[in-house]
Structure formats: structure tokens, C-alpha cells
Amino acid sequence: LSHRLPQSTHDQLTALAPTTRNKTNPSVAVARPCRNKMGSSSSTTRNNSNASSYPATRHRVARSTNSAPSSSSSSTSAQRRRPPASRSAPVSGVPRGRMVHGSSSAHGPGSSASIAHPAATTISRPGAYSISRDGAGPTQVFRVQIPMEVRPGQEFQVIAGSRTVRVQCPMESRGGQYIQVTVPPDPVVRPNLLGMAVLTSATGIEGGGAVRMRAEVVAANEQQSQSRNQQSSSSSAPSSQPTTYMVTVPEGISSGMQFAVEVAGERMMVTCPANVQAGMNLRILPPTPSSSAPPRLNGTSLDRPPEQHLSRSAPPCPPMMQMFEVVVPPGVRPNQPFSLLANGQRVLVTCPADVKPSQKIRFQLPIGNPNDKNKDAPAAQLSYESVKDGWARTIRVTDMKFQWVRMNENGAIDLATQSHFDAKHSAFTRTLKYMEGNDPRMRTGVLELVSANESSVDSSVERGGREVVSYAEIAAAHQRGTYEEKAAWFQHICNERLKIEWNEGHMRLNVRREHLLHDSIEAVMSLSRDDLRKIWRFEFLGEVGIDAGGLAREWYQLVTEAIFDADMGLWLSNSTNQMAMRINPSSEMACPEDHLIYFRFLGRVMGKALFDGHLVAGHMVRHLYKHILGWPITFEDLELADEEYYNSLKSLLDIKNVEDMCLDFTFTEDALGTNKVVELLEKGADTNVTNENLPEFLELNLKYHLMERVKPQLTELLLGFFDVIPEALLTIFDFQELELLMCGMPVIDIDDWMKHTVYQGYFEQHGEKSKTCKWFWQIVRDEFDQETRARLLQFVTGTSGVPSRGFSVLQGNDGNIRQFCINGVTKEYSLYPKAHTCFNRIDLPVYSSKDELREKLKVAIATSATGFDIE
């Protein structure tokens, strides 16, 4: 004890603080080398989540029955072990700290520490527990000896009273020396006694775990709906034209220089544009009125004279606004929208009523916040839309919402009003109207499928009435080149902007392994939306393990495997791809009392996994990813859902007289071996299909197969998902990227892929020795990264999933083995590669050069996620 150790006031040791964020955490044990027998130098706290956990995986951790062990933020997976025979028995190999000073009775040197902890509730029952820290409790200081085998910077475990903490050896200390460890107050555990929140039916139909909405909740939702409609009508009303002012550029001012002007009693700075000299007149547009929301303006004519003066004060921290000046394209009529590119984003601008083609209009877009120094502001760019023949997402200047528009063959917005369904051009997107439920923790909603150009989504994210992610940030993220960059930005936003701080409370989920699914549902369905954004820590009851990330990964893997298991009766393997799962329309028959609760639970788990950067063990059919993103659903999506029925419907378009087929507006559903006739419209059994109503028949079949037949289940799945993830954040991804983000990047063995590939058509004779096939595999192996390979796999097979036994057991639409196939075709047949996902086949034209093959293959893969016609 009399040995004098090196002094340090800043070498600190991190306890098992359950957090993954680089922020100050009160659950940190601070260690310092002893100055003398009772050194008392102060030290600040820090979280070192990157330190290794060397002894933590070697020693069995003992727990007292009246307190829970701390959790870890280390990236090392936790080790689960059987509990020791005696929980009170000391653990061999783990140093035990001796108390130096604290609120408990002091002990002399060499005696065992006996600490009186603040009230700690025993956690021995399954469920979700809200954890908070008692800030009034005293800290405790322990004196421990560093194990001889520990080197500076390494971590080791210490038993401090009845708590097990992890400390990091200071850089100036060595094994055998003594250090003082400051342990924060014990956590106070408050169990969540609310129990499971009951689902509320927004349609008035009870069943599956959902109950009718109470009368007072119905009245509150109606009042809220009326308020939203009033706000919508006021925002859509024509806004007054912004006022412009004419000023003279002072002497001595040249292009790029700033000068001060006074407008309507306000002093502001103006930047002299290029090609403008001193003495010339300049028309300026002052900033928009102070508002928490972005400006909502139509384009305004430059020819309008000033009509009124502005009198307002500028907002304290206004977003950076970029003024764009464009010429109205030929053919655009007043009040007609047209599309262009501004800052890399497609923008939907409405031509003012008094403006004609070839006249100039102006509009503003937010491009950032001047106080945000960490964000890359996009460069000001503007060009007219060049996308042709497909659906494109735009930003509406009128209310700053994202909206889908269809571009025609000339690259302009297709404004033709279609009175009937078009199998090639028509598309639909889902809309989800949120409503309050009987329980405030569990909102409800109404799901509908509407024309793609009638839906919209917010372009910013708010939290607690305050904007935390702006449109400018989302626009900049959308322009990031690679999937990895967009995924990293998404995770950064979730962790730094949306996740609730550890100090504000976190959640502990206790589950029994033998009742994993039941306990998990009870816990997750008792949480509020705020609880879903807190940090979660998991414990398998009866097993000694600290959640350092490994238990969380295992939990997500196990619960999603259980839910997606076809034996549960909630999901079925897709008929065209055994790797992708689809919702079972007859799930009510498998779980009649609570099948909707399972889907709400799964939606929350999938959203939380995405929020925290974990993966789920289940690939879904393509149109479900589109529903999550709010992407357009087309007639071709029906092919991946039911290829045989799709071909039957498609063949009707070539029949001269459809009435000869004797069809009516019904569909026969196979419900667990029992045939169920579903009417696609009222009195559908009495309505014959004719040439005149054939488009309506195709439209109703599309809506029924891709939404209506699983509408209650899909509603709960989406509600659960958006309980965690703001929809606006997902606008930067396409459906292929979303699958990779949720299920992970597949590990693709190129050799196994090549070995189990068959060749047809022009490549049947020479196989992989064909010149085009050689180029194909060289590009895939040497030039494609993992993301592009996964996208190629999605393009050909419909999913990025690889069977656990490799490509040798790749299945087709009939459930039989259908290996990856490269079919050689001529360029007259197809200029670009074509995919047949039902047969895992790619039609590859015989190209004359490797460069041509590379270019056409990349275009085919890229456009498969956009719905554009590359021909």
C-alpha cells in the first residue's frame, strides 16, 4: 500500500456502460493511479467504446440477486453462460475492488467492500423495463489491483461491491499496481407496468387483436382531420406574389462583391451578380417571411412590378436559400406543372397564371443552414428534366413535398388524364393516413392505394415540433454516389438526431429463451413510440451474459426467423422465388385471435433493427419494399407475386373478344386448401368482363393481389415500421437498397456462382468459354463491388438472398432447382440485358466489345429499380 504509483488525472476507465454513442454517459467507472494511500485527484468521465474487452470473455460473471449487471457498449459479442451453482460465490480470476470512500460505511485498507446501493428493483420477470439513473445517489471509489497479465490500454473486469464493471488500464500503469476506480450511482430500475397496448381498428372491423375505436377517440380523430384539411386548403391557396425591388449597384462594386441596401426599413446585403457593373439597375427579391417551415411559393413572373412593401424581421437562423431563374419551356400552359433538375433534385414547378412560354420565372429552394458547418451544401445546378418514359420523384415547390410524376417519351411530364387503366403506364402508390388509437402508445391508420401522382410525402423530419432533418440535407444525401455513403448518412441521422439520449432513459428487455416470441411481443408491444427510439439492452433470463451487441444481434435474428417461418402461418414462400417471403392472406386462420399483433410487432422490430443498424432474417417480395418506400406499383410487379396469373391476365390484352372467355369480376382464393370466391367489386359475380371494362378488371386484380388481399396485415406492418423510422428519411433509397439495408450485403462466392450457371441460346455450345460470357464474368469478378453484384443478383433472381447451400440449390417459381442461367440472344432481339426472375435467367445480347457489355449491363441493373423503359 505504501508503494507510490505514477500520477495521472486523465487516464480513465470505462465501466460496462450500455451505450453505443460517443456521448457522455453517467454509467462510467473512472479509474486513476493512486497518488498515495488515499489519492483524491479528480478526473473527468469519457466513454471509450473502441477499447478491447480482453478479460470480459474469459471469466464467468457473478451477479448479486438484488441487482443487475451493467451492460457493455463494446462491439465484442457477449458470452452467454449457465449461472454458477452459487450466485454469491466469488468468481475466480476477477479482481474484487475495495471501497476507499463513498456513502456506505468506510472500510479500512485490505477489507472487503460492502456497499449499500440505492434502491434497486430485482429484474427476474420477462418484460420491458424502463431504466433511469438516480442522480442524487453518491458515487463510490474502489481501490483495485491491476492483474499482472494486463497491459496499458487493455480492459479487465472488477467486482465493485455487487456490481461487475469493466475498466481500462491507464497508459502509465502496469500489472500489479493499484488504481482507484470511481463508480457512478447504481441504476434505478422501474418496470413498465402498462402491459401490452391494444391495437385499434381504424375501419371499425374487429378481430386479429384489434378492437373498435372508442367514441371519444373517433371524435378526436375527426377534429384532427378537419384541422389538417383546413391547413391543407390554406397552403394550397394561391399565395401572394413575392415583392421584388429595383436597386442601383453603387460605384466601386464589381461582380461577386456585396453591398448594403435598405428595403422597407430593413437593411440587407446583396451580392452583385456576374456581368453586372456599377451604375446598373438590379432587381432583388428579399428573404421570405420568418417561418419555421420552408417557403411555399409558385414560380413568379419577372415582369410583374412591385405591388407592396414588405415589413418583417428576418428569422434568427434562416436556411440558406438558392434562387433559380428558368425559362418556361415551350408548350407549357398557365397553371400547368413542368419538371426540371435543381441541385440534383427533380423539382415540380407550376407555371403562374399570367406567364407564357419563353418568359422567365423564379423560385427558391432551401440548400442548407449557414450554422451547419458539418453538412455539405450542394452546388447550385439547374437543368431541364432528361428522364424519359418512367416515373420520377420530384419536389413540389408549392409545399416542399415529394411527389411522383410520370415522364413521357419526350422527357416532359405526362399530363394526359387517363380515363382507364393502362397496363404499361399506370402506377399506384400507397398512402397511410395516421390516426390516434385507443391507447396513446399505439396509433392506427387507414391504408389506401391511389394513383402514383396523387400521393406525396414530407421532405423533412420533425421531432417534438422541431425540424431535425431538413429538405436540404435529404437532397444532399440523395446525391451521394454509393449505397454505402447513403447508408452511413442514414445511420448517422438515426444515432445523432433521432435516438433518445442514454441520460433520458433506456430500455431493458428480459426474455426467456423457451418463450422467446411470446415474451418479446409482450415487451415490444408495451412500448411507446419514444421508447422505440431509446437504447435497448437484452437479457435472456437464466443465462449470464452482458449485452455488448451480441445478444441484440441474436435477438433480432431469432425473433425474425420465428416470425418469417412458414410454419407459423403468417408468411409464405413466394411462388416465383423461394428466397422471398410474402404475407399469407389466410394468416387469420393460423392465428385468429392475434395475427395482426404479430405483424405490428414485426413492423416495429424491422424498424428498430434498421434504426440501430441490425439485420433481419427474412427477405420479402419486391412490392412490399416498394410499399414501405411509397414507390409506384405497376402491372409488372404482379409478375413477381404470381407469374402464372400475371401471364393469364396479360394474355387477355391480345384477345379480340374477351367476352368469349366467360370471365366475371371475381377471384378464387386458395385458403389452406379451401376455395374462397372474392368479388373484386360489388356484385362482381354478376358482372361479365368485356372489352370495355377489361382495363378496370386488370386494375382491380392488380390492387387486390398487391394490397387488398393482405390490407389489414400490411397496414399493421407499415404502422409498426413507421413507429420508429420517419418516412422522409427513406426517400434517399430505392427498393433494392432498402433490401440490402435491412437484410445485409450477401456474401457471394463468384466461383460457386460460375460453377452452377447454365448456358442457353447462343452460348449453349461453348458455355463460359464464349467470348461474351468471359467478359461477363470478368466484369462481375474484377470490376463489380459487392453492392453491384448484389444488385445484379436482385435483377436476375428478384432478391439479393443467396441460399445457405449456395447457388447449386437456387430455386425457380415452381419450387424446383433452377440454376442461374445466361441465355445468349442477338442485339436485334434486345439491345440491353433482360431478366426473367421466375426462371433466374438473364438474356445477354452478343456484344462486340467488353466496354459495350459493361455499359449496357450497368444501365440494365440501374434502371431495374426505377421503372424506366430502357428501350
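This text goes with the structure placed above it.
A short tour of the structure in this document, coming up.

Calculation rules
- Residues numbered from 1 in each chain as written.
- Predicted model: local features only at pLDDT ≥ 70, side-chain atom pairs only at ≥ 80, totals over all residues.
- Heavy atoms only, no water.
- Helix = DSSP H or I, 4+ residues; strand = E, 2+ residues; numbered from the N terminus.
- Buried < 20%, exposed > 50% of the residue type's maximum accessible area, 1.4 Å probe, protein only.
- Contact = heavy atoms within 4.5 Å.
- Areas by Shrake-Rupley, 256 points an atom, 1.4 Å probe, with all protein chains shown as cover.
- Expected span 1.5 Å × (residues − 1).
- Axes fitted to C-alpha atoms, helices over the stretch in contact; angles between N-to-C directions.
- Parallel < 35°, antiparallel > 145°, perpendicular 65-115°, else oblique.
- Nonpolar A, V, L, I, M, F, W, Y, C, P; charged D, E, K, R; others polar.
- Pairing = 2+ DSSP bridges.
- Core = buried A, V, L, I, M, F, W, Y, C linked by side-chain atoms within 4.5 Å.
- Phe/Tyr/Trp six-rings, centres within 6.5 Å; stacked < 30°, edge-to-face > 60°.
- Lys NZ or Arg CZ within 6 Å of the ring centre and 35° of its normal.
- Salt bridge = Lys/Arg side-chain N within 4 Å of Asp/Glu carboxyl O.

### Some details on the overall build of the chain
Helices and strands together make up the secondary structure of the chain, namely 18 helices and 38 strands. Put simply, the chain has 871 residues, and 53% of those count as buried. A separation of at least 24 residues holds for 70% of the contacts in the chain among residues at least 6 apart in sequence. Summing over all exposed atoms, the chain offers an accessible surface of approximately 39500 Å²; the carbon and sulfur share of this is 48%.

### Points about helix α3 (residues 483-498)
Helix length check: α3, at 16 residues, gives a terminal C-alpha distance of 21 Å against a target of 22 Å (1.5 Å per residue), a fit within 8%. Residues of α3 that are buried include every one of Tyr 483, Lys 486, Ala 487, Trp 489, Phe 490, Gln 491, Ile 493, Cys 494 and Leu 498, and no others. Buried residues belonging to α3 abut β26 (461-463), β27 (466-469), α2 (471-478), α8 (595-612), α14 (735-743) and α17 (786-797).

### Some words on the packing of helix α9 (residues 622-629) against α14
Direction vectors running N to C along α9 and α14 enclose 95°, while the axes themselves pass 9 Å from each other. Taken as axis vectors, α9 and α14 run roughly perpendicular relative to one another. Judged by residue contacts, Arg 622, Tyr 625, Lys 626, Ile 628 and Leu 629 of α9 engage Phe 735, Leu 738, Glu 739, Met 742 and Cys 743 from α14. Residue classes in the contact of α9 with α14 are distributed as seven nonpolar, no polar and three charged.

### What about helix α12 (residues 694-706)?
The periodicity of an α-helix, 3.6 residues per turn, causes residues three or four positions apart to be oriented the same way. Relative to the 18 Å expected for 13 residues at 1.5 Å per residue, α12 spans 18 Å between its end C-alpha atoms, a close match to the ideal helical length. A large share of α12 lies buried, amounting to 12 of its 13 residues. The complete set of buried residues in α12 reads Leu 694, Pro 695, Phe 697, Leu 698, Glu 699, Leu 700, Asn 701, Leu 702, Lys 703, Tyr 704, His 705 and Leu 706.

### Digging into the sheet that holds strand β30 (residues 571-573)
Taking strand neighbours across the sheet as the criterion, the three strands line up as β30-β31-β32 in an open arrangement whose pairing is mixed. A strand with exactly one partner marks an edge of an open sheet, and here the two such strands are β30 and β32 (619-620). In this structure, strand β31 (residues 580-583) lies alongside β32, joined through two bridges in parallel fashion. For Met 581, the partnering residue across the bridge sits in β32 and is Met 620.

### A few points about the pairing of strand β22 (residues 401-407)
β22 sits mainly inside the fold: six of its seven residues count as buried. Pairing between strand β21 (residues 390-396) and β22: six bridges, direction antiparallel. Across the sheet, the residue bridging to Gly 390 is Met 407, located in β22. Between β21 and β22, which pair antiparallel in sequence order, lie four residues; one of them, Met 400, sits at a positive phi of approximately 55°.

### As for the side chain of Lys 608
By the secondary structure assignment, Lys 608 is in helix α8. Since its relative accessible area comes to 0%, Lys 608 is described here as buried. Residues contacting Lys 608, with those up to four places away along its chain left out, are Leu 532, Arg 533, Lys 534, Trp 536, Tyr 556 and Val 724.

### Digging into the sheet that holds strand β36 (residues 820-825)
If you walk across this open sheet you meet the four strands as β35-β36-β38-β37, and the pairing is mixed. Whereas interior strands pair on both sides, the edge strands pair on one side only; in this sheet they are β35 (757-761) and β37 (834-836). Strand-to-strand twist in this sheet, taken as the mean axis angle between neighbours without regard to direction, amounts to 25°. Here β36 runs beside strand β38 (residues 841-845); their pairing, made up of five bridges, is parallel. Residue pairing in the sheet places Gly 824 in a bridge with Leu 844 of β38. Here α17 sits on the sheet in contact with β36, β37 and β38, set at roughly 60° to β37.

### Details of the nonpolar core
Residues Phe 490, Trp 536, Trp 555, Trp 571, Phe 601 and Leu 730 are the most contacted members of the largest nonpolar core, which totals 136 residues. Sorting elements by how many residues they give to this core places α8 first, with 11 residues. With residues up to four places along the chain from it excluded, the contact list for Leu 730 reads Phe 490, Leu 610, Ile 628, Leu 629, Phe 721, Phe 722, Ile 725 and Leu 738. Grouped together as the second largest cluster of nonpolar side chains are 28 residues, Ile 750, Tyr 759, Ile 842 and Ala 860 included.

### Considering the packing of α2 against α3
Interhelical geometry of α2 versus α3 gives an angle of 150° and a closest axis separation of 9 Å. As far as their axial angle goes, α3 and α2 are roughly antiparallel. Only Lys 486, Trp 489 and Arg 497 of α3 make contact with α2, whose side of the interface consists of Glu 473, Ile 474, Ala 477 and His 478. Partitioned by chemical class, the residues of the contact of α2 with α3 number three nonpolar, one polar and three charged.

### Quick look at the pairing of β38
The element β38 is extensively covered by neighbouring structure, given that four of its five residues are classed as buried. Here β37 pairs with β38 via three bridges, running antiparallel. By the bridge assignment for β38, Lys 834 is matched with Asp 843. Between β37 and β38, which pair antiparallel one after the other, the connecting turn spans four residues, and Asn 840 there sits at a positive phi close to 55°.

### Comments concerning unusual backbone geometry
Although it is not a glycine, Cys 662 sits at a positive phi angle of roughly 55°. Residues other than glycine seldom take positive phi values, yet Lys 683 does so here, at roughly 60°. Residue placement: Lys 683 occurs in the loop between β34 (674-679) and α12.

### Looking at the packing of aromatic side chains
Applying the stated criterion across every chain, the model contains 22 aromatic pairs. Look at Trp 555 and Tyr 556: their rings are 5.0 Å apart centre to centre, the planes differ by 75°, and that puts the pair in the edge-to-face class. Residues Trp 555 and Tyr 556 agree in their burial class; the two are buried. Residues Trp 631 and Phe 735 carry aromatic rings whose centres are separated by 5.8 Å and whose planes lie at 85° to one another, so their mutual orientation is edge-to-face. Of the two residues, Trp 631 is situated in the loop between α9 and α10 (637-641) and Phe 735 in helix α14; the sequence distance between them amounts to 104 residues. Take Trp 631 and Phe 735: they sit in the same class, and that class is buried. A connected cluster of aromatic rings, assembled from ring pairs, spans Trp 753, Phe 776, Trp 777, Phe 807 and Phe 820. In this structure, Arg 513 packs its charged tip against the face of Phe 540, placed 4.2 Å from the ring centre. We note Lys 834 situated over the ring of Tyr 829; from NZ or CZ to the ring centre the distance is 5.8 Å.

### A short note on the pattern of salt bridges
Opposite charge on two side chains allows them to pair when their charged atoms are near. Applying the stated criterion across every chain, the model contains 33 salt bridges. Between Arg 512 and Asp 519 there is a salt bridge, and its shortest N-O distance comes to 2.8 Å. The class for Asp 519 is buried, based on a relative accessible area of 3%. Between Asp 531 and Lys 534 there is a salt bridge, with the nearest N and O atoms lying 3.1 Å from each other. For Asp 531, a relative accessible area of 11% gives the class buried. Linked by salt bridges that have partners in common, Arg 443, Arg 600, Arg 604, Glu 716 and Asp 723 make up one network.

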